[in-house]
Amino acid sequence: MSIFTAVRNQKQTAGALHGAMQYVMDPRKTVDGERNLVTGINCTAYTAFVEMMTTKRQFKKTDGRQFYQFVQSFPAGAKITPAEVHEIGLEFAKRQFPEYEVLVATHCNTEHLHNHFIVNAVSFQTGKKLHQNHGDLEQHRKVNDEICAAHGQEILEHYGRNPKQKPMKPKEYQAAIRQQSWKFQLIKAIEEALAYSTSKETFIQNMNYEGYDVAWSDSRKYITYTCPNGRKCRDNKLHDDTYLKENMEKIFAYRQAVGFVPLTPEPKEGWLTQAETFFSEMVRLGYHVEQSFLPPENGRTIARNDRKLKQREALKKLAHGHKLSSEEENQKEDLRW
């Protein structure tokens, strides 16, 4: 069964719109065989950003909300091809947003195939701003089920065959989502975001693109994730110490130091082991640097160095046949030939 969710894009700027497009159009996620599953509805896919911004300027509506983003996700093991998932996405976009420019991108690099929709907030026909509320989201889910059923996919039994039956309530819909192992999907989303992230900021952004909110602050011990279905989970509940806040910070510090390139081969011992080794070496180096700048205790080091210097000078004089002063004669007794 397909799940339809809205992505909470709190940052609404032209840059955020461009960043979201670049993320969903990444060919490493969208290419299936020889076909790149990215299509523009009422626009051309690879000029969609320019076309959407042109529409905003044309109707003088460049401020406020810039776009909406939705995800249509299919469970792992569903009997459906990436091409069929893409076709379902195109049909949905044409039906639900006929007056708006929409970018549809199908991600087929994970076990659960899913479509990303990025919808311009301004109509290219009328200039009307698009507004979405909970009722609109319920309508999208209903249409999503109708299209999926027409394509032979399982759907959630909620809108019912009885016209008098009430639509499924939000809590009931969330309960149905939980049957798809939401925590497992969260872990997979984290792993995928890590593969594309060079820093804490890019990691949070990549998680946002997949519909997850990330609460990560210096004042809190844990990272808290909010899933598209509304459920929350802390990093210490993910059954893997790699995802703990302190370890994630080590990984990103290491990647920043070595110039990590996304999707490059993982070190044999894993990023976390490499990061811990890096940190221990940095601590050891810092200790030696600190010791080298410490003042000598009670002037002993300086005194020792002065004595050795005088001994060397006395040796040079003797080697050249010069006589030693009384003080240098005293130093002579301490010389080691």
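Quick caveat: nothing in here was measured; it's all calculated off a predicted structure.

Draft legend 1. Representation of the pattern of salt bridges in the model. Throughout the structure, instances matching the rule amount to 5 salt bridges. A salt bridge links Asp-26 to Arg-28; the nearest nitrogen and oxygen atoms lie 2.9 Å apart. We classify Asp-26 as buried; its relative accessible area is 11%. Two residues, Arg-35 and Glu-87, come together in a salt bridge whose shortest N-O distance is 3.5 Å. A residue pair is termed long-range when its members are at least 10 positions apart, and Arg-35 in strand 3 (residues 35-36) and Glu-87 in helix 4 (residues 82-96) qualify at 52 residues. On the basis of relative accessibility, which here comes to 38%, the residue Arg-35 falls in the partly exposed class.

Draft legend 2. Fine view of helix 4. Compared with an ideal rise of 1.5 Å per residue, which puts 15 residues at 21 Å, helix 4 spans 21 Å between its outermost C-alpha atoms and is within 8% of the ideal. Considered for burial, the residues of helix 4 that qualify are Pro-82, Val-85, His-86, Ile-88, Gly-89, Leu-90, Phe-92, Ala-93 and Gln-96.

Draft legend 3. Representation of the environment of Ala-16. Within the element layout of this structure, Ala-16 appears in helix 1 (residues 14-24). The contact partners of Ala-16, leaving out residues within four places of it in the chain, are Lys-11, Phe-67 and Tyr-209.

Draft legend 4. Just the side chain of Lys-245, in detail. If you trace the backbone, Lys-245 turns up in helix 9 (residues 245-258). This buried residue, Lys-245, is left without a salt bridge; Glu-249 holds the nearest opposite charge, at 4.3 Å. Apart from the residues lying within four places of it in its own chain, the contact partners of Lys-245 are Trp-216, Ser-217, Asp-218, Arg-220, Lys-221, Ile-223 and Asp-235.

Draft legend 5. Representation of helix 5 (residues 134-150). End to end, helix 5 covers 25 Å across 17 residues, agreeing with the expected 24 Å (1.5 Å per residue, within 8%). All of the buried residues in helix 5 are Leu-137, Glu-138, His-140, Arg-141, Val-143, Asn-144, Asp-145, Ile-147 and Cys-148. Of the residues that open helix 5, the one with a side-chain oxygen 3.0 Å from the backbone nitrogen of Gly-135 is Asn-133. Gly-152 sits one or two positions beyond helix 5 and adopts a positive phi of about 80 degrees.

Draft legend 6. Here's a closer look at the packing of aromatic side chains. Following the criterion strictly, the structure yields 11 aromatic pairs and no others. Ring geometry for Phe-4 versus Phe-117: centroids 6.2 Å apart, planes at 45 degrees, classification tilted. In this pair, Phe-4 is assigned in strand 1 (residues 3-7) and Phe-117 in strand 7 (residues 114-120), connecting sequence segments 113 residues apart. For Phe-4, a relative accessible area of 0% translates into the label buried. The buried category is assigned to Phe-117, whose relative accessible area is 0%. Ring geometry for Tyr-68 versus Phe-70: centroids 6.5 Å apart, planes at 10 degrees, classification stacked. Each of the two residues, Tyr-68 as well as Phe-70, counts as buried.

Draft legend 7. Spotlight on a negative patch on the surface. A contiguous patch of negative charge, built from Glu-191, Asp-218, Asp-240, Asp-241, Glu-246 and Glu-249, is present on the exposed surface. Relative to the assigned elements, Glu-249 resides in helix 9. On the accessibility criterion, Glu-249 (35% relative accessible area) is partly exposed.

Draft legend 8. Seen up close, the pairing of strand 6 (residues 102-107). Counting buried residues along strand 6, 6 of its 6 residues qualify, which places the element largely inside the surrounding structure. Taking every second residue as pointing to the same face, both faces of strand 6 are buried, with Val-102, Val-104 and Thr-106 on one and Leu-103, Ala-105 and His-107 on the other. Pairing analysis gives 6 bridges linking strand 6 to strand 7, with the strands arranged antiparallel. Note that in strand 7 the partner of Val-102 across the bridge is Val-119. Between strand 6 and the antiparallel strand that follows it, strand 7, lie 6 residues.

What counts and how
Numbering of residues begins from 1 in every chain and follows the order in which that chain's sequence is written. Only residues with pLDDT of at least 70 get local features here, since the model is predicted, and only at 80 or more are side-chain atom pairs given and counted; chain-wide, interface and lining totals rely on the full set of residues. Each side-chain value is derived from all of the structure's non-hydrogen atoms; neither hydrogens nor water enter the calculation. Within this document, salt bridges are pairs made up of a side-chain nitrogen of Lys or Arg and a carboxyl oxygen of Asp or Glu, the two lying within 4 Å of each other. Relative accessibility decides the category of a residue: with a 1.4 Å probe and only protein chains considered, values under 20% of the type maximum give buried, values over 50% give exposed, and everything between is partly exposed. Secondary structure elements follow DSSP: runs of H or I no shorter than four residues count as helices, runs of E no shorter than two count as strands, and numbering proceeds from the N terminus. For a helix, the expected span equals 1.5 Å multiplied by the residue count minus one. Residue contacts are defined here by distance: any two heavy atoms, one from each residue, within 4.5 Å place the two residues in contact. In this charge count, Lys and Arg are treated as positive and Asp and Glu as negative; neither His nor the chain ends contribute. A 3.5 Å cut-off defines polar contacts: any pair of N or O atoms within that distance qualifies, except that in protein one atom must be a possible hydrogen donor and the other a possible acceptor, and neighbouring residues in sequence count only when both atoms are side-chain atoms. Two aromatic rings from Phe, Tyr or Trp, using only the six-membered ring of Trp, form a pair when their centres are within 6.5 Å; if the ring planes differ by under 30 degrees the pair is stacked, by over 60 it is edge-to-face, and anything between is tilted. Surface patches are defined over residues having more than 30% relative accessible area and no salt bridge, joining like charges when they lie within 9 Å and nonpolar side chains (Val, Leu, Ile, Met, Phe, Trp, Tyr) when within 5 Å. We get accessible surface area from the Shrake-Rupley algorithm with a probe of 1.4 Å; when it comes to residues, only the shown protein chains can shield them. The atom standing in for a charge is NZ when the residue is Lys, CZ when it is Arg, CG when it is Asp and CD when it is Glu. We call two strands paired when DSSP finds no fewer than two bridges between them.

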